[in-house]
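Structure assessment
Listed here are the chains, written in short residue letters.
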Amino acid sequence: MNIELKLGDITAIPVDAIVNAANTSLLGGGGVDGAIHRKGGHEIFEDCVVLSTQHGGCKVGEAVYTRAGKLPAQHVIHTVGPIWYGGVKNEEKLLKSCYIKALQVANKLGAKTVSFPNISTGVYRFPKEKAAQIALQSIKDYEEIIANAQTANSVSTVIFVCFEQVNYDIYKNLLGI
Ligand code: ADP
């Protein structure tokens, strides 16, 4: 898979599937979740209400999907990152699970291009450098899972969209670009 890095607003970048850093209720929050719902409109919220009331929302480290409404995408994949408690609550594994499960959902949907925000690094306070390392390692782990299972993979491009310059610089450094 190709890895691309962009600085800016994830809702403005056309892709097949946009990943959202949601919360377990799926019923709205601030940050990137707020931006996705504002720009995407009522269809996303309607689907989230169904997922919330009939399926109990989304657990930390899991991923579900909805329509993308007015966003320049076919789908929104909602994943719930862990809140950082100092690393004693399995946060690293849970963050990795977010990326892998979101990619597995993207693959199930046949998405070729997938964009990710920097999950958990906002109000959930996950250390940014560690989060970026996990995000990049998760891409490799996903590729290995796919290869080992000899499963087809629709995802050809992953775009990390950083809203903050500090995250952009961390990714740039880790990717050596
Ligand atoms: P979390 O609760 O998982 O920490 P936040 O939405 O608070 O989620 O933050 C996750 C990341 O999303 C942060 O790095 C934040 O800067 C970033 N972010 C906020 N708005 C946008 C946006 N419109 N596009 C891309 N990233 C965004």
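Anything mentioned here points back to the structure above.
Residues numbered from 1 in each chain as written. Predicted model: local features only at pLDDT ≥ 70, side-chain atom pairs only at ≥ 80, totals over all residues. Heavy atoms only, no water.

So, the site of the ligand
- As a structural note, the neighbourhood of the ligand is formed by 16 residues, with V32, S120, T121, G122 and E164 the closest of them.
- Here D9 contributes a side-chain N or O atom positioned 2.9 Å from a nitrogen atom of the ligand.
- V123 places a main-chain nitrogen or oxygen 3.0 Å from an oxygen atom of the ligand.
- Protein chains bury 93% of the 560 Å² of accessible surface belonging to the ligand in isolation.
- Using a 2 Å cut-off from the grid points, one finds that the ligand occupies the largest pocket. (Near = heavy atom within 4 Å. Polar contact = N/O pair within 3.5 Å; in protein donor to acceptor, adjacent residues only side chain to side chain. Areas by Shrake-Rupley, 256 points an atom, 1.4 Å probe, with all protein chains shown as cover. 1 Å grid on protein atoms, 1.4 Å probe; cavity = no way out; pocket = protein on both sides within 12 Å on 5 of 7 lines; lining within 4 Å. Sits in = over half its atoms within 2 Å of the grid points.)

Focus on the layout of surface pockets
- Estimated volume of the largest pocket: approximately 540 Å³.
- A21, G31, V32, D33 and G122 are the residues nearest the centre of the largest pocket, which is lined by 27 residues in total.
- Ranked by residue count, the leading element in the lining of the largest pocket is helix α1 (residues 31–40), at 4 residues.
- A per-class count over the lining of the largest pocket returns 12 nonpolar, 12 polar and 3 charged. (Points joined across faces, edges and corners; volume = space filled by probe spheres on them. Helix = DSSP H or I, 4+ residues; strand = E, 2+ residues; numbered from the N terminus. Nonpolar A, V, L, I, M, F, W, Y, C, P; charged D, E, K, R; others polar.)

A look at the pairing of strand β2 (residues 17–22)
- Most of β2 sits out of view: 5 of its 6 residues are buried.
- Pairing geometry for β2 and strand β4 (residues 75–80), over 6 bridges, is parallel. Across the sheet, N20 pairs through a bridge with H78, a residue of β4.
- Both β2 and strand β5 (residues 113–116) contribute to a ladder of 2 bridges, which runs parallel. Opposite A17, over in β5, you have V114 as the bridge partner. (Buried < 20%, exposed > 50% of the residue type's maximum accessible area, 1.4 Å probe, protein only. Pairing = 2+ DSSP bridges.)

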